[in-house]
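Residues per chain, in single letters:
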Amino acid sequence: MSAPAAVEIRGLSYAYHDGTQALREVSLTVQPGESVGLIGPNGAGKSTLLLHLNGCLGQAEGVRILGLPVSRPHLREVRRKVGLVFQDPEDQLFSPTVFEDVAFGPLNLGFTGEELVRRVRRALAAVEIPPELEGRLAHHLSYGEKRRIAIATVLAMDAEVLALDEPTGNLDPAGRRGLIGLLCSLPITKLIATHDLEMALEVCRRVVLLDRGRVMADGPVRQILADEALMRRHRLEVPLSLRLGR
Amino acid sequence: MEHSFLDELARRSSPVHRLEARLKAAGALVLILAAVLLPPERTWPFAAYLALLAGLLLLARLPLLPVLKRLAGLAPFVLTAAVLLPFSRPGDGTVSASLALGGWELRVYKAGLLASKAVLLKSLIAGASAVLLVCTTPFSGLLAALQRMRFPRLLLAIIAFLYRYLFLLQGEFLRLVRAARSRNWEAGPPRVRLAAAGGIVGSLFLRTYARGERVYTAMLARGYDGRFRTLAEPAVTRAAAWALGIFLLLVLGVLAAAFLPGAGP
């Protein structure tokens, strides 16, 4: 048998309490090491799909992470494997200091002492946050720094699948450029929900187009993003770089 | 967005700053309790405690003005009580002074004066101890120390989150108000203005609530299971233990002496 897929979703449907049907029969497989862009208009279900990857919305029927079903007995392991980076870093960074925030996940996994410190330092180094910021408070950092630290908080748990929600939102061009470089340099599986189609072009080889909770297209990034009729139908547009390059 | 640094002074360096947070918290707690227990008739024990605090303040090399400013935050509450007590507490009825104002007679009672002195000095010592503690201990260290001292976890978690999100909430509130102002909030008819104020408070509540949910989800995503785990703290050094021991000896010695008959006023 071959190695299990990093993410395997089979016929996932989900409705919120108020009756909004957020996902309808979503099926999707992501192989280890792949970077997949998740695109679609507002309210398409992108964030909801990401939340299902580690069971944040209850048991996810039909979702497997590296072969493990997302169900109560496996939740702890699944949450270690899937690093969910939220859209607003203010939601993700809740501890008094940067160090404690990055240490939160590893502490919950039972790491202590030197191993804990080593993990935190390694994760912060991976996102190029200098050690001087360790003792700082999250609300005194720039938005770009907060975003990087939010990514470090899941890297410190040795996540094997990164699920990022709008990672380039609200960043200045240099911050965005740095983040794209960082994402390209991280050799782990990535699922990136975004409206930044130019970024998807650079970071992902494959995109999945979601609209009204359904997978509308799934294929090579250039092929899908260049399909003008498809893009327009789903309130998206062909990135400028592709239009100019024609 | 401007932030006031609650524990800005705590990031300096001095022998007091370097002392372990738990020891400082314990010391401050004992000093506050001792000050509250002092008999108000005596004066020298209060002076002794104030001298002890002044010594620590010098040792901590803190700038005087910001420390006094923090202490001044207590003034409205303390001064109100201290000014009203001499007139409002008759005790055994002994009058120290009286002032005739038209048909009224304003009496200053002896028991009231004593109570006023006690309130003034005790809150000064308690306030100064707390300010000294906060000014020499980073907030996160203080929280960890309280957790080690078995302070209720839920309460600590609430304080930690408040500290983290207070500025964010303040910023959110200011942005809402700014958005309302830029659409001429102040110029509107009173009824509309009031309704807008209600809307601002309401949406602030909803946003806080929604943020709480998102923060909780973010915690779950990193393996939170209802228990807060903290980083291991450095062990207490022998020198620090001695320092605390001497401090406690002084504080409790003064307290005991204050209760001895004939120990002077």
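Everything numeric in this text was worked out from a predicted model, so none of it was measured.

**Points about the interface of chain B and chain A**
Across the boundary between the two partners, chain B contributes 24 residues, which contact 28 residues of chain A. Listed by contribution, the elements that provide at least two residues to the side of chain B that touches chain A are α7 (139-148), α8 (153-181) and α9 (190-221) of chain B. Of all the elements, α9 of chain B adds the most residues to the side of chain B that touches chain A, at seven residues. Residues of the side of chain B that touches chain A, tallied by class, amount to 14 nonpolar, four polar and six charged.

**Examining the sheet that holds strand β2 (residues 21-30) of chain A**
Residues and elements named next belong to chain A. An order of β2-β1-β4-β5 is seen for the four strands of this open sheet, with the pairing classed as antiparallel. Edge positions in the sheet fall to β2 and β5 (68-69), since each has one partner strand and no second. Of the strand pairs in this sheet, strand β4 (residues 63-65) and β5 are connected by two bridges, and their pairing is antiparallel. Opposite Ile65, over in β5, you have Leu68 as the bridge partner.

**Description of the sheet that holds strand β8 (residues 189-193) of chain A**
Residues and elements named next belong to chain A. One open sheet accounts for six strands, arranged β6-β7-β8-β3-β9-β10; its pairing is mixed. In this open sheet, the two strands that pair with only one neighbour each are β6 (82-85) and β10 (214-220). Pairwise comparison of adjacent strand axes, ignoring direction, gives a mean angle of 15 degrees for this sheet. In this sheet, strand β7 (residues 161-165) lies alongside β6 in parallel orientation, the contact comprising four bridges. Its bridge partner lying in β7, Val82 is registered against Val161.

**A word on the domain arrangement of chain B**
Residue and element names in this part refer to chain B. Domain annotation for chain B reports domain 1 (1-151 + 235-265) and domain 2 (152-233). The straight-line distance from the C-alpha centre of domain 1 to that of domain 2 is 33 Å. Each side of the interface is counted separately: domain 1 has nine residues, and domain 2 has eleven residues. When the residues that make up the side of domain 1 that touches domain 2 are grouped by side-chain class, the tally is six nonpolar, two polar and one charged.

**Notes on the environment of Arg238 of chain B**
All names here are of chain B. Counting through the fold element by element, Arg238 comes out in helix α10 (residues 238-259). The exposure class of Arg238 is exposed, given the 8 C-beta atoms found within 10 Å. Sequence-wise, Arg238 and Gly127 are 111 residues apart; in three dimensions their C-alpha atoms are separated by 29 Å.

**Some remarks on helix α4 (residues 98-108) of chain A**
An α-helical segment advances 3.6 residues per turn. Residues three or four places apart therefore align on the same side. Most of α4 of chain A is tucked away: eleven of the eleven residues are buried. Along α4 of chain A, the positions that sit buried rather than exposed are Val98, Phe99, Glu100, Asp101, Val102, Ala103, Phe104, Gly105, Pro106, Leu107 and Asn108 of chain A. At its buried positions, α4 of chain A is contacted by α5 (113-126) and α6 (143-155) of chain A together with α7 of chain B.

**Some details on the pairing of strand β1 (residues 7-15) of chain A**
Residue and element names in this part refer to chain A. Both β1 and β2 contribute to a ladder of six bridges, which runs antiparallel. Bridge pairing links Ile9 to Leu28 in β2. Where β1 folds back on β2, the antiparallel hairpin that results is connected by five residues, among which Gly19 adopts a positive phi of roughly 95 degrees. Across three bridges, β1 lies against β4 in antiparallel orientation. Bridge pairing in β4 places Val7 opposite Ile65.

**Section: unusual backbone geometry**
All names here are of chain A. Residues other than glycine seldom take positive phi values, yet Glu166 does so here, at roughly 50 degrees. Its place among the elements puts Glu166 in the loop between β7 and α7 (173-185). A tally of 19 C-beta atoms within 10 Å means that Glu166 is categorised as partly exposed.

Cut-offs and rules
Residues numbered from 1 in each chain as written. Chains lettered and ligands numbered in written order. Predicted model: local features only at pLDDT ≥ 70, side-chain atom pairs only at ≥ 80, totals over all residues. Contact = placed C-beta atoms within 7 Å. Helix = DSSP H or I, 4+ residues; strand = E, 2+ residues; numbered from the N terminus. Nonpolar A, V, L, I, M, F, W, Y, C, P; charged D, E, K, R; others polar. Pairing = 2+ DSSP bridges. Axes fitted to C-alpha atoms, helices over the stretch in contact; angles between N-to-C directions. Domains from an automatic or database assignment. Buried ≥ 20, exposed ≤ 12 C-beta atoms within 10 Å, placed from the backbone.

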